[in-house]
Structures are given as C-alpha cells and as structure tokens.
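Given next are the chains, with one letter for each unit.
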Amino acid sequence: MFIVSLSYTAPLEEVDAHLAAHRDFLAAHYANGTFLMSGRKVPRDGGIIVANAPSRAALDAVLGEDPFARAGVARYEVTEFVPTMTTEALSAWRVAQRAA
C-alpha cells in the first residue's frame, strides 16, 4: 500500500490546464483498482493519493503516466506502508496485506 503526496511545481493556472486530463487518469486507475482514495491538499498546493500496487516500480510507472507528471507541474513523494490496523470498513485491506 502506498501514500502518494503530490506537490505542485507550477502556478495553479498551469496545473488547472491539465486538471481534466489528470481526473481522467485518476478515474482509469480507480477503475482498475490501483487508486483507492484521492483529494486535494489544504491549502491547495498539491494532492494525496492512496494506492494499492504490486510494487513501488509498478506504481512509479503508473505515476509517470499522470498528465501532471508529463507536463512537469507536480512532483511526487511516495511512502510505502503495511496497514496493520484499520476501521472495520477497511478490514479487507488489512487482511490482504498480511497475506502478502
């Protein structure tokens, strides 16, 4: 499991020019199960993605497809973690990580 922290490296006007394509990118990876949760930071200087990928290399390949990355308007900090405690609603992730 991974937490991806995006930080904008360009003015919001430039980021916003790529926002629709970025949202399409997110939707595609929600559909294939890679992304579990995402949203903007407060203040709006970037965003957070919670991801489930088979490896850091696989996640890096996915992030390289992000229109924000391709346009050079964001940088990414990735933290890998193993969920050991969750709310009951997310318990399937805890169990799945123990099996891995």
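Up top you'll find the structure we're talking about.
Rules and cut-offs
- Residues numbered from 1 in each chain as written.
- Predicted model: local features only at pLDDT ≥ 70, side-chain atom pairs only at ≥ 80, totals over all residues.
- Heavy atoms only, no water.
- Buried < 20%, exposed > 50% of the residue type's maximum accessible area, 1.4 Å probe, protein only.
- Helix = DSSP H or I, 4+ residues; strand = E, 2+ residues; numbered from the N terminus.
- Arc of directions from axis to C-beta.
- Contact = heavy atoms within 4.5 Å.
- Phe/Tyr/Trp six-rings, centres within 6.5 Å; stacked < 30°, edge-to-face > 60°.

## Comments concerning helix α3 (residues 56–64)
Buried residues of α3: L59, V62 and L63, and no others. Projected down its long axis, α3 carries its buried residues within an arc of 95°, all on one side. In this structure, the buried residues of α3 make contact with β1 (2–8), α2 (19–31), β2 (35–40), β3 (46–51), α4 (67–71) and β4 (74–80).

## Considerations on the packing of aromatic side chains
Tallying each qualifying case throughout the model produces three aromatic pairs. Between F25 and F35, the aromatic rings sit 5.6 Å apart at their centres with planes inclined by 70°, giving edge-to-face as the arrangement. One end of the pair, F25, is in helix α2; the other, F35, is in strand β2, with 10 residues separating them in the sequence. Given a relative accessible area of 7%, F25 falls into the buried group. Ring-pair connections join several aromatic residues into one group, and the members of that group are F25, Y30 and F35.

All quantities given are derived from atomic positions and should not be read as evidence of function.
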